[in-house]
Amino acid sequence: MLQATSCGGVVIFRGKILLLYKNYHNKYEGWVLPKGTVEEGETFEQTALREVSEESGAKGTIRQYVGKSEYTFMVPEDTVSKEVHWFLMSAESYYSKPQREEFFVDSGFYKYHEAYHLLRFPNEKQILEKAYHAYIEMRKQGSWEN
């Protein structure tokens, strides 16, 4: 079994969540949160910020660690066990531009209930729920500025 580690972000601007739509060679891949593989020498925070920027063009600021999700998937030669570390992030604006090289064909900021229903994977829905509750708490405490 192969091991893989990624990091990503639940990026929020004015209460809306950033999602990316992936379509690989006209095959539905679904709406996802931005995430990617940790590169040598990077911290989890650096990876999450880099991947959000690369995949979506959005500028994020980490607000807090949300948790990790774990899952396995098959590749032709083996099974991959993957863990993804997630961070709640604030964005500077609604700007996003999907990274075509990674087969993202659309992106945007969506209201919580829209984002929740658009997300394809249950583990990302769970992370979104946890991150959004943290966001609401930060707003109540006055520690979220946009």
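Residues numbered from 1 in each chain as written. Predicted model: local features only at pLDDT ≥ 70, side-chain atom pairs only at ≥ 80, totals over all residues. Heavy atoms only, no water.

(A) Spatial organisation of the overall build of the chain. For the chain, the helix and strand inventory stands at three helices and seven strands. Secondary structure elements in the chain, listed N-terminal to C-terminal, are β-β-β-β-α-β-β-β-α-α. The C-alpha atoms of the chain give 15 Å as radius of gyration, which agrees with the globular expectation for 146 residues (15 Å, within 12%). In terms of overall dimensions, the chain has a C-alpha envelope of 50 × 30 × 25 Å along the principal axes. (Helix = DSSP H or I, 4+ residues; strand = E, 2+ residues; numbered from the N terminus. Rg over C-alpha atoms; globule rule 2.2 N^0.38 Å.)

(B) Layout of the side chain of Glu51. Its location among the elements puts Glu51 in helix H1 (residues 44-56). Residue classification places Glu51 among the buried positions, given a relative accessible area of 8%. (Buried < 20%, exposed > 50% of the residue type's maximum accessible area, 1.4 Å probe, protein only.)

(C) Examining the pairing of strand E1 (residues 2-13) more closely. Sheet topology note: the E1/strand E6 (residues 78-91) ladder contains eleven bridges and is parallel. Counterpart to Thr5 in the pairing with E6 is Glu83. In terms of strand pairing, E1 meets strand E4 (residues 35-37) through three bridges, oriented antiparallel. In the sheet register, Gly8 faces E4, and the bridge partner there is Lys35. In terms of strand pairing, E1 meets strand E2 (residues 16-24) through two bridges, oriented antiparallel. Across the sheet, Ile12 pairs through a bridge with Ile17, a residue of E2. Adjacent in sequence and paired antiparallel, E1 and E2 are bridged by two residues, among which Arg14 carries a positive phi angle near 50°. (Pairing = 2+ DSSP bridges.)

(D) Expanded view of unusual backbone geometry. One non-glycine residue, Arg14, lies in positive phi territory at about 50°. With respect to the helices, strands and loops of the structure, Arg14 is situated in the loop between E1 and E2.

(E) Looking closely at the pattern of salt bridges. By the definition in use, this model includes eight salt bridges. Here Arg50 makes a salt bridge to Glu39, at a shortest N to O gap of 3.5 Å. In this pair, Arg50 sits in helix H1 while Glu39 sits in the loop between E4 and H1, placing the two residues eleven residues apart along the sequence. A residue is classified by how much of its surface remains accessible, and Glu39, at 44% relative accessible area, is partly exposed. A salt bridge links Lys140 to Glu137; the nearest nitrogen and oxygen atoms lie 3.5 Å apart. (Salt bridge = Lys/Arg side-chain N within 4 Å of Asp/Glu carboxyl O.)

(F) How the structure looks around the packing of aromatic side chains. If you walk through the whole model with that rule in mind, you get ten aromatic pairs. Ring geometry for Trp31 versus Tyr110: centroids 5.4 Å apart, planes at 75°, classification edge-to-face. Of this pair, Trp31 sits in strand E3 (residues 27-32) while Tyr110 sits in strand E7 (residues 104-110), placing them 79 residues apart in sequence. Between Tyr112 and Tyr116 the ring centres are 6.1 Å apart and the planes differ by 40°, which places this aromatic pair in the tilted class. Of the two residues, Tyr112 and Tyr116 are both situated in helix H2 (residues 112-118); the distance of four residues between them amounts to about one turn of the helix. (Phe/Tyr/Trp six-rings, centres within 6.5 Å; stacked < 30°, edge-to-face > 60°.)

Read these as geometric descriptors, not functional statements.
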